[in-house]
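# Architecture at a glance
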Amino acid sequence: MLQLDGAALEKMQEVLSEIAKKTQKLEGMVADYKYVNNYLEVDYVITPELAALQKQVVAKLNTIRSGIIDKEKARLTTSSGKERENILKYGYRWIGELFNPHVTFTKFKDNNQESCLQTLPPKDVFAGEFPAIGIYEMGDHGTCVKEIARWQVQGE
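The shown structure was predicted, so the numbers you read here are calculated from the model rather than taken from an experiment.

A separate point is the sheet that holds strand 2 (residues 30–36). Within a sheet, adjacent strands bond to each other through the backbone by hydrogen bonds, running parallel or antiparallel. Here 3 strands make up an open sheet; going across it, the order is 2-3-4 and the pairing antiparallel. The open sheet has two edge strands, strand 2 and strand 4 (102–107), and neither has a second partner. Averaged over all pairs of adjacent strands, the angle between their axes in this sheet comes to 15 degrees, without regard to strand direction. When strand 2 meets strand 3 (residues 39–44), the two strands line up antiparallel, connected through 6 bridges. Its bridge partner lying in strand 3, Tyr 33 is registered against Val 42.

Put into structure tokens, the structure is as follows:
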């Protein structure tokens, strides 16, 4: 996630298009479900390929970032260590060794952890290939609410 102004969106699309042309499909191996702060998500194993892709995307896009996402600014008052360092350097905390590849399903109004986790399908239902890179508009809770653009990555 990063904060962009309108002019940077076009540059971001150029950068991601080029990265997609050089990227192979990634295999998404599920680590586990996670329920924290009323968010339900499925977490993925950080493979060397996935970590390298994040590193490449962050290195290329951090130069066109315009500031820090408001929620990350607010976290600066309570964060420390690597989390604080990442927010200041990249505008977002889950970078590098704090990388947390996941898909968020929902945020519950109330704590539903126990009943929710008991009714989920086997986690491997969410394993598979990641065939594309995309840009999405961020919603109130950090979720993707609108696709802006998507590029297919290379095959095998």
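In terms of strand pairing, strand 6 (residues 132–138) meets strand 7 (residues 144–152) through 7 bridges, oriented antiparallel. Each bridged residue has a counterpart across the sheet, and for Met 138 the counterpart in strand 7 is Cys 144.

Turning our attention to the environment of Asp 140. Residue position: Asp 140 is located in the loop between strand 6 and strand 7. Judged by its relative accessible area of 64%, Asp 140 is exposed. With 42 residues separating them along the chain, Asp 140 and Leu 98 place their C-alpha atoms 22 Å apart.

Definitions and cut-offs
Residues numbered from 1 in each chain as written. Predicted model: local features only at pLDDT ≥ 70, side-chain atom pairs only at ≥ 80, totals over all residues. Heavy atoms only, no water. Pairing = 2+ DSSP bridges. Helix = DSSP H or I, 4+ residues; strand = E, 2+ residues; numbered from the N terminus. Axes fitted to C-alpha atoms, helices over the stretch in contact; angles between N-to-C directions. Buried < 20%, exposed > 50% of the residue type's maximum accessible area, 1.4 Å probe, protein only.

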